[in-house]
Amino acid sequence: MADARGVLVVAELVQRRPSRLTRELLGLARRLAREAGGPAAAALLGDAGEETAQELIAYGADAVYVAAHPGLAEYHSEAWTAYVAHISREAAPAAILIGHGAAGGDLAPRLAFRLDTAVATGCVEARVEGGRLLFTRPCYGGNAREVVSFRTPPAVATFRAGACGAASRDGTRRGEVRHVLLDAGAAARRTRVVERKRDDAGGTRLEDARVVVAGGRGLNGPEGFRLLERLAQLLGGAVGASRVPCDLGWCPRSWQIGLTGRTVTPELYIAVGISGAGHHMAGCGGAGAIVAVNTDPEAAIYRDARYGVVGDYQQLLPPLIEEIERFNSRDRQAAS
């Protein structure tokens, strides 16, 4: 890929539509492609169809490479690696952008190995400088940031949610849809999935929530998350957690926020019993406003919080929940 140009985004779908992270990556791809001198493209795997391909074009893709097969609808490491590598060789991009999630974290290093290049994971920023693509990512537990570049194209990088603004939809945009086929041997699967089990509790996705209520070790057990769930429900938000409660089994692993979990950028982030370690703040530091509730007045979380309350959450949250319930009740009565 000596003449590599442009940027390729590996699309992630939610209910057959581009996820917010994919829309963010398409916006970033458009900017990088303009600076590097090339097109922005997207790889669409699964059976989503022509309508989804056109949505990707509306959000910024100049070309969409479609691998339409029902067997690709759910992520499978071997099949996805084979197809995305094939698409990459055809598109010859200077960079391949992938969402920093469970699937992306598995796909990116496999793809980089297949393409004989390198990978940068968990990036939060990218730019073109002096003709080179530069990627910024947190390091040392989120306490510092490093800037990396690649000697061999394409640069494979995963990006955290909220790292860049989502692209605006433009229904008038036109692009090319190219269908990709691989022979059975090239995409052969040596492993098979025998069961898929989701530990997500449903409701609003953490990455899309405008309000996130997160709990940490200070909840002292799984019972505390029942209060957080009730508060999040009343605020129309989602529940998250720091790493320790997830490790201890107090809540689903999918709730974890931080350097080794999800990255969220809500308008309001309520941190209950969370100390504020760097690896956690790396996942929520982009929130519009952080409200901290902790019994330790010296907790590091207060350095990042706009508002802080020192006290026991078991005494503070129940009256807050009652007051919100009364407010919502009055609001409903006024509307009826």
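First, a word on scope: everything that follows refers to the structure included in this document.

About the cut-offs
- Residues numbered from 1 in each chain as written.
- Predicted model: local features only at pLDDT ≥ 70, side-chain atom pairs only at ≥ 80, totals over all residues.
- Heavy atoms only, no water.
- Helix = DSSP H or I, 4+ residues; strand = E, 2+ residues; numbered from the N terminus.
- Rg over C-alpha atoms; globule rule 2.2 N^0.38 Å.
- Buried < 20%, exposed > 50% of the residue type's maximum accessible area, 1.4 Å probe, protein only.
- Contact = heavy atoms within 4.5 Å.
- Areas by Shrake-Rupley, 256 points an atom, 1.4 Å probe, with all protein chains shown as cover.
- Lys, Arg positive; Asp, Glu negative; His and termini not counted.
- Charge placed at Lys NZ, Arg CZ, Asp CG, Glu CD.
- 1 Å grid on protein atoms, 1.4 Å probe; cavity = no way out; pocket = protein on both sides within 12 Å on 5 of 7 lines; lining within 4 Å.
- Points joined across faces, edges and corners; volume = space filled by probe spheres on them.
- Pairing = 2+ DSSP bridges.
- Phe/Tyr/Trp six-rings, centres within 6.5 Å; stacked < 30°, edge-to-face > 60°.
- Lys NZ or Arg CZ within 6 Å of the ring centre and 35° of its normal.
- Polar contact = N/O pair within 3.5 Å; in protein donor to acceptor, adjacent residues only side chain to side chain.
- Axes fitted to C-alpha atoms, helices over the stretch in contact; angles between N-to-C directions.

## What about the overall build of the protein?
- A count of helical and extended segments in the protein gives eight helices and 17 strands.
- Against the globule reference of 20 Å for 336 residues, the protein gives a C-alpha radius of gyration of 22 Å, in line with a compact fold.
- In terms of overall dimensions, the protein has C-alpha extents of about 60 × 45 × 40 Å along its principal axes.
- A buried classification covers 46% of the 336 residues belonging to the protein.
- Taking contacts inside the protein between residues at least 6 apart in sequence as the whole, the part at least 24 apart equals 64%.
- Total accessible area on the protein is roughly 16700 Å²; 47% of this is exposed by carbon and sulfur atoms.
- One way to put it: in the protein the 40 positive side-chain charges average out to a point 2 Å from where the 37 negative ones average out.

## Notes on empty space enclosed by the protein
- A complete count under the given rule lists one cavity of 30 Å³ or more for this structure.
- Lining of the largest cavity is provided by R20, L21, E24, A161, G162, E207, T263 and T265.

## Observations concerning the pairing of strand β11 (residues 155-159)
- A large share of β11 lies buried, amounting to five of its five residues.
- Neither face of β11 is exposed, since A155, A157 and F159 on one face and V156 and T158 on the opposite face are all buried.
- As defined by bridge partners, strand β6 (residues 95-99) adjoins β11 across five bridges and the pair is classed as parallel. Residue pairing in the sheet places I96 in a bridge with V156 of β11.
- Two elements, strand β7 (residues 119-123) and β11, share three bridges in a ladder whose sense is parallel. Bridge pairing in β11 places C123 opposite F159.

## Remarks on the packing of aromatic side chains
- Applying the stated rule across the entire model yields four aromatic pairs.
- Aromatic rings pair up to connect F135, F150 and F159 into one cluster.
- Geometry around Y59 places R23 over its ring, the cationic atom sitting 5.5 Å from the centre.

## Brief notes about the side chain of Q256
- Inspection of the secondary structure puts Q256 in the loop between α6 (243-247) and β15 (268-272).
- A distance of 2.9 Å separates polar atoms of two side chains, one belonging to Q256 and the other to T260.
- Setting aside residues no more than four positions away along its own chain, Q256 makes contact with A241, S242, R243, C246, G261 and R262.

## Observations regarding the sheet that holds strand β9 (residues 132-139)
- The strand order across the open sheet formed by three strands is β8-β9-β10, and the pairing between neighbours is antiparallel. Lying at the two open borders of the sheet, with one neighbouring strand each, are β8 (125-129) and β10 (144-148). Shown here is a sheet whose adjacent strand axes are inclined to one another by a mean of 25 degrees, direction ignored.
- Pairing of β9 with β10 involves five bridges; the strand directions are antiparallel. Within the sheet, the bridge partner assigned to C139 lies in β10 and is A144.
- Strand contacts of helix α1 (residues 20-36): β8 and β9, with the helix running at about 10 degrees to β8, the strand carrying the most contacts.

## As for the environment of G273
- Tracing the chain through its elements places G273 in the loop between β15 and α7 (278-284).
- A relative accessible area of 14% means that G273 is categorised as buried.
- Distance from G273 to D296, taken between C-alpha atoms, is 8.9 Å for residues 23 residues apart in sequence.

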